Amino acid sequence: MPKDLRNKATTLTTSDGVHLSALVLGDGPDGVLLDHEQGYSICSFVDIGRQLAERGYHVVIPEYRNHGASEKLAENVHIDRDARAGLAELRRVGAKRVFLAGASCGGTTAAAAGADTSLRVVGLLMMSSPARCGPGADSVVAVKKLSVPTLLVASPGDMQGNVEKEVREVYAASVARKKELVIRKGERHGTDMIKKEGKSGAALQDQVIKFVVDSYSAAR
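Below or above, wherever it landed, is the structure these notes cover. Just so it is clear, the structure is predicted and the values come from calculations on it, not from any experiment.

**Let's talk about the overall build of the chain**
Next up, step 1: Within the chain one finds seven helices and eight strands.
Next up, step 2: The C-alpha atoms of the chain give a radius of gyration of 16 Å, which matches the 17 Å a tight globule of 220 residues would have.
Next up, step 3: Overall size of the chain, expressed as C-alpha extent along the three principal axes, is 45 × 40 × 35 Å.
Next up, step 4: Buried residues in the chain amount to 53% of all 220 residues.

So this is what it looks like as structure tokens:
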């Protein structure tokens, strides 16, 4: 974790008693949940989280079980509960609305957790996110309940096209009135599309931030 953000670190406890590390940035009623992909960490979304906090959003970035400084378990299942813990933290610190975002399984779990949150959902971003991740995370079911602006992003070469196939399944199931499917060149997965693609990655990061801002503007 960046040294200047260590005072923003906190510990979350999931519904099944697992302790997670997390970052809480910014303040106010407009929340953003940023869920990282499996095998990554809080750092995946730190840059985007900083920028959103500077724009006035209340950002929570949970670190999933068996990742980073979070509790280690024998089995890496029920990761949807980690996303739900992030939403519970947003409620606790005063957020009233939330934009759901995540990469890979982080996007799947964000959608699943957000489909039944008490917070008002204003938008959804899923980057390279499979249709299903674990027993409690089915994004196909979730997007049938989320009519908010939705942005889905994938690379055609990711896992030999299998990720794009699942992202298209989610897109087809979405009931969002405004939904966008972005298929990028290459084979990068999740936040690697931003971090490892130079100018193209920077443009995608700008697109993501703009989508959050526009989704909140449309919700007001």
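**Examining the nonpolar core**
Next up, step 1: With 34 residues, the main nonpolar core has L87, L90, V98, L100 and L124 as its most contacted residues.
Next up, step 2: Residue assignment for this core shows that the elements contributing at least two residues are α2 (80-92), β5 (97-103), α3 (105-114), β6 (120-127), α4 (139-143), β7 (150-154) and α5 (162-173).
Next up, step 3: Sort the elements by how many residues they give to this core and α3 lands first, with five residues.
Next up, step 4: Sequence-distant contacts of L87, that is, excluding residues within four places in its chain, are made with L33, V98, L100, A113, G114, T117 and L119.
Next up, step 5: In this structure, L125, L151, V212 and A219 belong to the second largest nonpolar core, which totals 31 residues.

**Brief notes about the state of the cysteines**
Linking two cysteines covalently through their sulfur atoms gives a disulfide.
Next up, step 1: On inspection of all chains with the given rule, the structure shows one disulfide.
Next up, step 2: Covalent S-S linkage joins C105 and C133, the inter-sulfur distance amounting to 1.8 Å. The disulfide joining C105 to C133 has a torsion of about -70° about its S-S bond and is therefore left-handed. Of this pair, C105 sits in helix α3 while C133 is found in the loop between β6 and α4, placing the two residues 28 residues apart along the sequence.
Next up, step 3: Among the cysteines around C43, which has no disulfide bond, C105 carries the closest sulfur, lying 19 Å off.
Next up, step 4: Owing to a relative accessible area of 37%, C43 belongs among the partly exposed residues under this scheme.

**As for unusual backbone geometry**
Next up, step 1: The residue H78 is not glycine, and still its phi comes out positive at about 60°.
Next up, step 2: By the secondary structure assignment, H78 is in the loop between β4 (58-62) and α2.
Next up, step 3: Even without being glycine, S104 reaches a positive phi, approximately 55°.
Next up, step 4: Here S104 is to be found in the loop between β5 and α3.

**Description of the pattern of salt bridges**
Next up, step 1: Under the criterion given, the structure shown has 16 salt bridges.
Next up, step 2: Of the charged contacts in the structure, one is a salt bridge between D47 and K195, with a shortest N-O distance of 3.9 Å. Residue D47 is located in helix α1 (residues 46-54), and its partner K195 is located in helix α6 (residues 192-195); the two are separated by 148 residues in the primary sequence.
Next up, step 3: The exposure class of D47 is partly exposed, given its relative accessible area of 40%.
Next up, step 4: Among the charged side chains, a salt-bridge network with shared partners connects D16, R65, R81 and D82.

**Focus on the packing of aromatic side chains**
Next up, step 1: Summed over the entire model, instances satisfying the criterion amount to two aromatic pairs.
Next up, step 2: Ring geometry for Y57 versus Y216: centroids 5.2 Å apart, planes at 35°, classification tilted. Here Y216 lies in helix α7 (residues 198-219) and Y57 lies in the loop between α1 and β4, a separation of 159 residues in the sequence.
Next up, step 3: When its relative accessible area of 6% is taken as the criterion, Y57 is described as buried.
Next up, step 4: A relative accessible area of 0% places Y216 in the buried class.
Next up, step 5: One Lys or Arg, K179, reaches over the ring of Y171 and ends 4.5 Å from the middle of that ring.

**Considerations on the packing of α1 against α7**
Next up, step 1: Contact pair α1 / α7: the axes reach a minimum separation of 11 Å and the direction vectors enclose 40°. Relative to α7, the element α1 lies oblique. Note on packing geometry: the crossing formed by α1 with α7 is right-handed. Mapping the contact onto sequence places D47, I48, Q51 and L52 in α1 and Q205, V208, I209 and V212 in α7.

Basis of the calculations
Residues numbered from 1 in each chain as written. Predicted model: local features only at pLDDT ≥ 70, side-chain atom pairs only at ≥ 80, totals over all residues. Heavy atoms only, no water. Helix = DSSP H or I, 4+ residues; strand = E, 2+ residues; numbered from the N terminus. Rg over C-alpha atoms; globule rule 2.2 N^0.38 Å. Buried < 20%, exposed > 50% of the residue type's maximum accessible area, 1.4 Å probe, protein only. Core = buried A, V, L, I, M, F, W, Y, C linked by side-chain atoms within 4.5 Å. Contact = heavy atoms within 4.5 Å. Disulfide = S-S within 2.5 Å. Salt bridge = Lys/Arg side-chain N within 4 Å of Asp/Glu carboxyl O. Phe/Tyr/Trp six-rings, centres within 6.5 Å; stacked < 30°, edge-to-face > 60°. Lys NZ or Arg CZ within 6 Å of the ring centre and 35° of its normal. Axes fitted to C-alpha atoms, helices over the stretch in contact; angles between N-to-C directions. Parallel < 35°, antiparallel > 145°, perpendicular 65-115°, else oblique. Left-handed = near helix turned anticlockwise from the far one by under 90°.

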